[in-house]
Amino acid sequence: DAGITQSPRHKVTETGTPVTLRCHQTENHRYMYWYRQDPGHGLRLIHYSYGVKDTDKGEVSDGYSVSRSKTEDFLLTLESATSSQTSVYFCAIRAQANYGYTFGSGTRLTVV
Amino acid sequence: QQQVKQSPQSLIVQKGGISIINCAYENTAFDYFPWYQQFPGKGPALLIAIRPDVSEKKEGRFTISFNKSAKQFSLHIMDSQPGDSATYFCAAGGGADGLTFGKGTHLIIQP
């Protein structure tokens, strides 16, 4: 999607290894979000950011950490990946002035 | 605790028919109710959204009906087409802390 890029698009990793997913935006939006999507669960919020260095936990934050050192980048880290973290991860951005959320194309993560 | 309940889980509609997907929410602080469309391998894309100060919003073949007192809202797709086959998510939000999503409806439009 225009203005928001997720990397990598696909990743396979082993249980217990650290993994970092990146979300990059060119829209200069204040708000950024990480969601995970699993069959039968819809999209669930992991963490979100409301500004540089300002982050907060979402519904399913256990086992995840985030960082935002620049407006354009929001990183999601799995400190020690587990099989239950196999999922598709989506980043979303939102401007301050309106409620329009734009989603990235997702990262498919498989933990073996 | 599921704050947004979506039904049905799957739906099959004949081409030209009306597709109807329903959602119910619990949190009265929600003030933004969007619907997203997702194709396989893609991210969710905003389809249409409504705020609680109106009861209906129409954009082309897509209409949201909103019932504030019942805490329910629905998506109607008129003249459904095979290209509408996708997964649809309702969501609700009210501030900086993101959207709460329903579990999704897999819609199939049969030619």
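Here the residue index of a chain counts from 1 through its sequence in written order. Ligands are numbered from 1 and chains lettered from A, in the order in which they are written. Local features in a predicted model are, by the rule used here, given only for residues with pLDDT of at least 70; side-chain atom pairs are given and counted only at 80 or more, and totals for whole chains, interfaces and linings are based on all residues. For the side-chain quantities, the full set of heavy atoms in the structure was used; hydrogens and water were omitted.

## Topic: the overall build of chain B
Segments assigned H or I by DSSP are reported as helices when at least four residues long, segments assigned E as strands when at least two residues long, and all are numbered from the N terminus. When you go through chain B residue by residue, the secondary structure sums to zero helices and 11 strands. In sequence order, chain B lays out its α and β elements as β-β-β-β-β-β-β-β-β-β-β. The globule rule used here is 2.2 Å times the number of residues to the 0.38 power, and the radius of gyration it is set against is calculated over C-alpha atoms. Compactness check: chain B gives a C-alpha radius of gyration of 13 Å against a globular reference of 13 Å for 111 residues, within 12% of the reference. In terms of overall dimensions, chain B has a C-alpha envelope of 40 × 30 × 20 Å along the principal axes. The 111 residues of chain B split such that 42% are buried. Areas reported here follow the Shrake-Rupley algorithm with a probe of radius 1.4 Å; residue values treat only the protein chains shown as occluding. Carbon and sulfur atoms make up 50% of the accessible area of chain B, which totals about 5,300 Å². Of the charged side chains in chain B, 10 are positive and 8 negative; the average position of the first set lies 4 Å away from that of the second. Burial here depends on accessible area, computed with a 1.4 Å probe over protein chains only, as a share of the maximum for the residue type. Under 20% is buried, over 50% is exposed, and the range in between is partly exposed. Charge counting treats Lys and Arg as positive and Asp and Glu as negative, with His and both chain ends excluded. We put the charge of a Lys on NZ, of an Arg on CZ, of an Asp on CG and of a Glu on CD.

## Looking at the sheet that holds strand β1 (residues 4-7) of chain A
Residue and element names in this part refer to chain A. The strand order across the open sheet formed by four strands is β1-β3-β8-β7, and the pairing between neighbours is antiparallel. Where the open sheet ends on each side, the last strands, each with one partner, are β1 and β7 (64-70). Averaged over all pairs of adjacent strands, the angle between strand axes in this sheet comes to 20 degrees, irrespective of strand direction. Bridge count between β1 and strand β3 (residues 19-25): four bridges; the pairing is antiparallel. Looking at the pairing, Ser7 lines up with Arg22 of β3. Two strands pair if DSSP finds at least two bridges between them. Angles shown run from 0 to 180 degrees and are taken between the N-to-C directions of axes, each axis being a line fitted to C-alpha atoms and, for helices, limited to the stretch in contact.

## Quick look at unusual backbone geometry
The omega torsion of the bond from Ser7 of chain A to Pro8 of chain A falls at -5 degrees, within 30 degrees of zero and hence cis. Note on placement: Pro8 of chain A falls in the loop between β1 and β2 (10-13). A cis amide bond, omega -5 degrees, links Ser7 of chain B with the succeeding residue Pro8 of chain B. Secondary-structure assignment places Pro8 of chain B in the loop between β1 (4-7) and β2 (10-14). Not every positive phi belongs to a glycine, and Asn28 of chain A is a case in point at roughly 60 degrees. For Asn28 of chain A, the location among the structural elements is in the loop between β3 and β4 (31-38). By relative accessible area, Asn28 of chain A is classed as exposed at 62%. At Asp79 of chain B, a residue that is not glycine, the phi angle is positive and equals roughly 45 degrees. In this structure, Asp79 of chain B sits in the loop between β8 (72-77) and β9 (86-93).

## As for the packing of aromatic side chains
All names here are of chain A. Centres within 6.5 Å are what make two rings of Phe, Tyr or Trp a pair, Trp counting through its six-membered ring; a difference in plane orientation under 30 degrees is then read as stacked, over 60 as edge-to-face, and the rest as tilted. One pass over the full model with this rule turns up 19 aromatic pairs over all chains. With 6.5 Å between their ring centres and 35 degrees between their planes, Tyr33 and Tyr35 make a pair best called tilted. With relative accessibility at 0%, the residue Tyr33 sits in the buried group. For Tyr35, a relative accessible area of 0% puts it in the buried group.

## Considerations on the interface of chain B and chain A
Taken residue by residue, the interface counts 19 residues in chain B and 19 residues in chain A. Once two parts are brought into contact, the accessible area they lose, counted with a 1.4 Å probe and summed over both, makes up the buried area. Of the roughly 1,600 Å² buried between chain B and chain A, counting both surfaces, carbon and sulfur atoms make up 56%. Counted as salt bridges are all cases of a side-chain nitrogen of Lys or Arg within 4 Å of a carboxyl oxygen of Asp or Glu. Inspection of the region where chain B meets chain A yields zero salt bridges. Any N or O atom pair separated by 3.5 Å or less is treated as a polar contact, with the protein-specific requirement of one donor-capable and one acceptor-capable atom, and with residues adjacent in sequence counted only for side-chain atom pairs. In this structure, the connection of chain B to chain A is made through five residue pairs in polar contact (both at pLDDT 80 or more). Whether two residues touch is decided by their heavy atoms; if any such pair falls within 4.5 Å, the residues are in contact.

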